Amino acid sequence: MINLLQNEVAKYNKIIATDKGDWIVKGFIDIYKNIYTISIDTKVVSKIIELLLIPAFENFAKKNNLELKLPPQQNFYPDLTFISKKSGEKFAVDIKSTFKDPDNKIKSMTLGAFTGYFRNRESKKNTLFPYKDYSAHLVLGVIYSQATENPNEKKIYTLDELDKIESVIRDFKFFVQPKFKIASASPGSGNTKNIGSTNNIDKLINGEGVFAELGEEVYDDYWMYYLTNDMAKALEIPRPYTNLKTYLEYKERGINILEKHKVDIKKLTEEEDSAFEQEENDES
């Protein structure tokens, strides 16, 4: 699935950009044929890119014997669900876009919540299907450059002036990677409960984040039990870890304690198993 999607998005520049690399969207038009320029707000840009690409996603699904399902409501996970018509396997795809700065780094990219459905993986709250039902959780990323000058949002253009409207974004790069391979060990920003991503463009495109070598199990374990300052305060406990270094120390403490009480644990387990067998015999 990931290879198919990676090959597919290589063609998407032709859908949303001109031969010069400028965004094909210039503004919004009303019934009087007035054109209003688009804000460079990342949420606005992201949603329009998503809408432009939905027909392409539908064609991709048909070509590959997949069914495409869109979320029933805003803020549901994921943005796209592909279901194999042959095996029934489900693949979650979140569309994430951000702009790069002059130093060739992205400003920010969040990869979804680390609470809610991420932790309660059988829940259907705010997700089309339970998190556990998906065979893979992928990110379709779009990186772009912003125009050097902000658009003149006070000016209204006509259709005859379409060529005079500068595109607010340009130079698109698409990539597809498993979410865990591009995740960072820090939240997206501030006190948010969203997983952050690496801000290095090459590592994003090639799937070389901090969890890429550690694996998805470590990524899941790290983020399922991660606590922000506010979460720890609400529970009235110290934060168990704040980064990978303190996560390792936290895990090592647990392993050392378990190793220290290895004999006791074995004895308690045997006693519990024996008591369970006795209860089973009494019931029968």
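Undergrad: Any details on the environment of Glu216? Residues and values, ideally.
TA: One can find Glu216 in helix α6 (residues 216-224). Residue classification places Glu216 among the partly exposed residues on the basis of a relative accessible area of 34%.

Undergrad: Before we move on, could you go through the pattern of salt bridges and cite the residues and values that matter?
TA: Following the criterion strictly, the structure yields 11 salt bridges and no others. In this structure, Arg170 and Asp22 form a salt bridge, with 2.8 Å as the shortest nitrogen-oxygen distance. Residue Arg170 is found in strand β9 (residues 169-178), and its partner Asp22 is found in the loop between α2 (13-16) and β1 (27-29); the two are separated by 148 residues along the sequence. When its relative accessible area of 28% is taken as the criterion, Arg170 is described as partly exposed. Taken together, the shared-partner salt bridges connect Glu8, Lys11 and Lys63 into one network.

Undergrad: I'd like a rundown of the side chain of Lys96, residues and numbers included.
TA: Within the fold, Lys96 resides in strand β5 (residues 90-99). It is Asp94 that comes nearest to the buried, bridge-free Lys96 among opposite-charge side chains, at 4.0 Å. With sequence-adjacent residues up to four places away left out, Lys96 is seen in contact with Met109, Thr110, Leu111, Gly112, Val139, Leu140, Gly141 and Val142.

Undergrad: Go over the packing of aromatic side chains with me, naming the residues and quoting the values.
TA: Counted by the stated rule, this structure contains 25 aromatic pairs. Ring geometry for Phe60 versus Phe82: centroids 5.4 Å apart, planes at 80°, classification edge-to-face. Here the residue Phe60 occupies a position in helix α3 (residues 42-63), and Phe82 occupies one in strand β4 (residues 80-84), the gap between them amounting to 22 residues. Overall, Phe60 belongs to the buried group, its relative accessible area being 1%. Judged by its relative accessible area of 0%, Phe82 falls in the buried class. Here the guanidinium or amino end of Lys90 rests over the ring plane of Phe129, the centre of that ring lying 4.9 Å away. One Lys or Arg, Lys155, reaches over the ring of Tyr157 and ends 5.0 Å from the middle of that ring.

Undergrad: How would you explain the sheet that holds strand β7 (residues 134-146) if you had to name every residue and give the values?
TA: Reading across from one edge, β3-β4-β5-β7-β9 is the order of the 5 strands in this open sheet, with mixed pairing throughout. Looking at which strands have only one partner, the edges of the open sheet turn out to be β3 (66-69) and β9. In this sheet, adjacent strand axes meet at a mean angle of 20° when their direction is disregarded. The strands that helix α1 (residues 2-9) touches are β5, β7 and β9; relative to β9, the one it contacts most, it runs at about 170°.

Undergrad: Describe the environment of Asp79, naming the residues involved and giving the relevant values.
TA: Along the chain, Asp79 falls in the loop between β3 and β4. For the pair Asp79 and Leu140, spaced 61 residues apart in the sequence, the C-alpha separation amounts to 9.9 Å.

Undergrad: For the nonpolar core, give the residues involved together with the corresponding values.
TA: Counting 34 residues, the largest nonpolar core has Phe118, Ile195, Phe211, Tyr219, Tyr222 and Trp223 as its most contacted members. At the level of secondary structure, the elements contributing two or more residues to this core comprise β6 (110-113), β7, α4 (179-182), β10 (183-187), α5 (201-206), α6 and α7 (229-235). Within the second largest apolar cluster, 33 residues are counted, among which are Trp23, Phe57, Tyr144 and Ile169.

Undergrad: Could you give an account of the sheet that holds strand β11 (residues 194-197), naming the residues involved and the relevant values?
TA: Reading across the sheet, the 3 strands line up as β6-β11-β10 and stay open at both edges, with antiparallel pairing between neighbours. The open sheet has two edge strands with one neighbour each: β6 and β10. Between one strand axis and the next, the sheet turns by 35° as a mean value, whatever way the strands run. Here α6 sits on the sheet in contact with β10 and β11, set at roughly 10° to β10.

Undergrad: Break down a nonpolar patch on the surface for me, with residues and values.
TA: Together, Phe28, Tyr36, Val44 and Ile156 line one region of the surface with nonpolar side chains, adding up to about 330 Å² of accessible area. Position of Val44 relative to the elements: it lies in helix α3. Take Val44: its relative accessible area is 30%, and that puts it in the partly exposed class.

Undergrad: Tell me about α3, residues and numbers included.
TA: Along an α-helix, residues three or four apart share an orientation, since each turn contains 3.6 residues. The terminal C-alpha atoms of α3, which comprises 22 residues, lie 31 Å apart, in line with the 32 Å expected from a rise of 1.5 Å per residue. Of all the bends found along α3, the most pronounced is centred on Leu53 and spans about 40°, while Pro55, a proline, follows it within four residues. Asn65 occupies a position one or two residues after α3 and carries a positive phi of about 55°.

Undergrad: Explain the layout of surface pockets residue by residue, including any values.
TA: Of the pockets and cavities examined, the largest pocket occupies roughly 1200 Å³. Lys43, Asn75, Ile95, Lys96 and Thr110 are, among the 32 residues lining the largest pocket, the residues nearest its centre. Only α3, β5 and β6 provide two or more residues apiece to the lining of the largest pocket. Looking at the lining of the largest pocket residue by residue, the classes come out as 9 nonpolar, 15 polar and 8 charged.

Definitions and limits used
The numbering scheme is per chain: residues are counted from 1 as the chain's sequence reads. Given that the model is predicted, a residue must reach a pLDDT of at least 70 before its local features are reported, and side-chain atom pairs must reach 80 or more before they are shown or counted; all residues, however, enter totals for whole chains, interfaces and linings. Each side-chain value is derived from all of the structure's non-hydrogen atoms; neither hydrogens nor water enter the calculation. Helix numbers and strand numbers start at the N terminus; a helix is a DSSP run of H or I with at least 4 residues, a strand a run of E with at least 2. The rule is simple: take the accessible area with a 1.4 Å probe, protein chains only, and divide by the maximum for that residue type; under 20% is buried, over 50% is exposed, in between is partly exposed. Each salt bridge in this description consists of a side-chain nitrogen of Lys or Arg and a carboxyl oxygen of Asp or Glu lying within 4 Å of one another. Positive charges come from Lys and Arg, negative ones from Asp and Glu, while His and the chain ends are left out of the count. What makes two residues a contact is simply this: any of their non-hydrogen atoms within 4.5 Å. Any pair of Phe, Tyr and Trp rings, taking the six-membered ring for Trp, is counted once the centres come within 6.5 Å. Such a pair is stacked with planes under 30 degrees apart, edge-to-face with planes over 60 apart, and tilted for the rest. Should the NZ of a Lys or the CZ of an Arg lie within 6 Å of a ring centre and within 35 degrees of the ring normal, that charge is described as sitting over the ring. Here the rule is simple: two strands pair whenever DSSP picks up at least two bridges between them. Axis lines are fitted through C-alpha atoms, for helices just across the contact stretch, and the angle between N-to-C directions can take any value from 0 to 180 degrees. What is meant by a nonpolar core is a set of buried Ala, Val, Leu, Ile, Met, Phe, Trp, Tyr and Cys residues, joined one to another through side-chain atoms within 4.5 Å. Nonpolar side chains (Val, Leu, Ile, Met, Phe, Trp, Tyr) are joined into patches within 5 Å and like charges within 9 Å, using only residues with over 30% relative accessible area and no salt bridge. Calculation of accessible area relied on Shrake-Rupley with a 1.4 Å probe; when residues are assessed, cover is drawn exclusively from the protein chains displayed. One less than the number of residues in a helix, times 1.5 Å, gives the span that helix is expected to have. To obtain the bend at a residue, axes are fitted to the seven residues ending there and to the seven starting there, and the angle between these axes is taken. Throughout, the protein atoms alone are placed on a 1 Å grid, and a set of points is a cavity if a 1.4 Å probe fits but cannot get out or a pocket if it is open with protein on both sides within 12 Å along at least five of seven lines; lining residues have an atom within 4 Å of a point. Grid points are joined across faces, edges and corners, and a volume is the space filled by probe spheres set on the points. Amino acid classes used here: Ala, Val, Leu, Ile, Met, Phe, Trp, Tyr, Cys and Pro are nonpolar; Asp, Glu, Lys and Arg are charged; the rest, including Gly, are polar.

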